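Analysis of the macromolecular model
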Amino acid sequence: MAVSDTSRQSLIPNFIYTSSSSPSSLLMTKTSNPSLFHSTSPAKQQNSFVIPAPNEPLGKIEMYSPRFYAACTVGGILSCGLTHMTVTPLDLVKCNMQIDPAKYKSISSGFGVLLKEQGVRGFFRGWVPTLLGYSAQGACKFGFYEFFKKYYSDIAGPEYAAKYKTLIYLAGSASAEVIADVALCPMEAVKVRVQTQPGFARGLGDGLPKFVRSEGALGLYKGLVPLWGRQIPYTMMKFASFETIVEMMYKYAIPTPKNECSKSLQLGVSFAGGYVAGVLCAVVSHPADNLVSFLNNAKGASVGDAVKKLGVWGLFTRGLPLRIVMIGTLTGAQWGIYDAFKVFVGLPTTGGAETAEA
């Protein structure tokens, strides 16, 4: 059932509009766009209530079509690239606390040391490799997650896909992250070196060639295995816990079915679910995060060197409080931006009843 362009309403509707010009009643009907349906007033069959479709600047996008995956890829670029760039000051302090805990003893003192030694501009050192690296990672992470989630669901079949949906979330996110980290690794290596060695380079332009001259092109991937160790558990927790939390919120905390909630409420659920998922992500991936920072900072260092210097307790706890705050906020914002972009192009938000229906 198509809706004419003149009847389209705002991008994120906050209420249900009444269509008084409808000449006949329309039974409640699902359409190919999960955000569109018509309902009949029980008192008068002639009055219909319409939840309008969001604007669709790219035209109607069919679920799981190439354009669907392209839209998810763009949403991933925006969600990961912009959020990681925004929290560059927090990331910079966190990396330095991991590398030189004697100098950067706490979050507050870490900011003080950076301000004194490098000035305000020093807080955004390494923002270019951060933006480029995490934009590439976000494109692969979200785009391939949607692809692998559908792919594994088709292999399992409808019955087993519903029964073992958490395993499908875990498998899909892990598969996507393997690819995403290959895209991220070179920029992550340069970022850490620029941020933790102030005299090394000013940024990506001079830092990348200097890094390659020092350690060779393959040196850019020296931290790939520890990066997989950090990011794969992180992403598995990020997607599986988010999908589960959102489903539980719609089932137990929100009395209204998802398809009857306003888009603004749905985006609020996405942010809240993402924040809780982010806290869990920070805890499970933190030891590997310490390893990545250590290996990318020290030339020729090994995992054994990192464990010997930091200790097992240090691997799990050093810089953890700051990372919980940073990753919680970061993940909540990422899911909010990603789902906002999906709504913008006419797609449903992630998680909840509409994922199962799709």
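Note that the structure is a prediction, hence the values are computed from the model and not measured.

Let's shift gears to the pattern of salt bridges. Under the criterion given, the structure shown has 16 salt bridges. Residues Asp91 and Lys94 are paired through a salt bridge, measuring 3.3 Å at the closest nitrogen-oxygen approach. You can see Asp91 and its partner Lys94 sitting in helix α2 (residues 88-99), three residues apart, about one turn around the helix. Across this residue pair, the class does not change: Asp91 and Lys94 are buried.

It is worth spelling out the packing of aromatic side chains at this point. In total, this model carries 19 aromatic pairs according to the counting rule given. Ring plane angle 80° and centroid distance 5.4 Å describe the contact between Phe142 and Trp335, whose orientation is recorded as edge-to-face. Of the two residues, Phe142 is situated in helix α4 (residues 127-163) and Trp335 in helix α10 (residues 320-344); the sequence distance between them amounts to 193 residues. Taking the relative accessible area as the measure of exposure, Phe142 reaches 0% and is therefore buried. Measuring from centroid to centroid gives 3.7 Å for Phe242 and Trp335, while their planes differ by 0°, and the two rings are stacked. Here Phe242, found in helix α7 (residues 224-253), pairs with Trp335, found in helix α10; they are 93 residues apart in sequence, far enough to count as distant. The pair formed by Phe242 and Trp335 is uniform in burial state, with each residue classed as buried. Taken together, the aromatic side chains of Tyr64, Phe68, Tyr69, Phe144, Phe147, Phe148, Tyr151 and Tyr152 make up a single cluster linked through ring pairs. The ring of Tyr64 carries Lys150 above its face, with NZ or CZ at 5.3 Å from the centroid.

Here the focus is α10. The α-helix winds at 3.6 residues per turn, so residues separated by three or four positions along the chain end up facing the same way. With 25 residues, α10 extends 35 Å between its outermost C-alpha atoms, agreeing within 8% with the 36 Å of an ideal straight helix rising 1.5 Å per residue. Directly after α10, the chain includes Gly346, whose backbone phi takes a positive value near 95°.

Before going further, it helps to examine unusual backbone geometry. Although it is not a glycine, Tyr64 sits at a positive phi angle of roughly 65°. Its location among the elements puts Tyr64 in the loop between β3 (48-51) and α1 (66-86). Judged by relative accessible area, which is 23%, Tyr64 ranks as partly exposed.

Thresholds, definitions, all that
- Residues numbered from 1 in each chain as written.
- Predicted model: local features only at pLDDT ≥ 70, side-chain atom pairs only at ≥ 80, totals over all residues.
- Heavy atoms only, no water.
- Salt bridge = Lys/Arg side-chain N within 4 Å of Asp/Glu carboxyl O.
- Helix = DSSP H or I, 4+ residues; strand = E, 2+ residues; numbered from the N terminus.
- Buried < 20%, exposed > 50% of the residue type's maximum accessible area, 1.4 Å probe, protein only.
- Phe/Tyr/Trp six-rings, centres within 6.5 Å; stacked < 30°, edge-to-face > 60°.
- Lys NZ or Arg CZ within 6 Å of the ring centre and 35° of its normal.
- Expected span 1.5 Å × (residues − 1).

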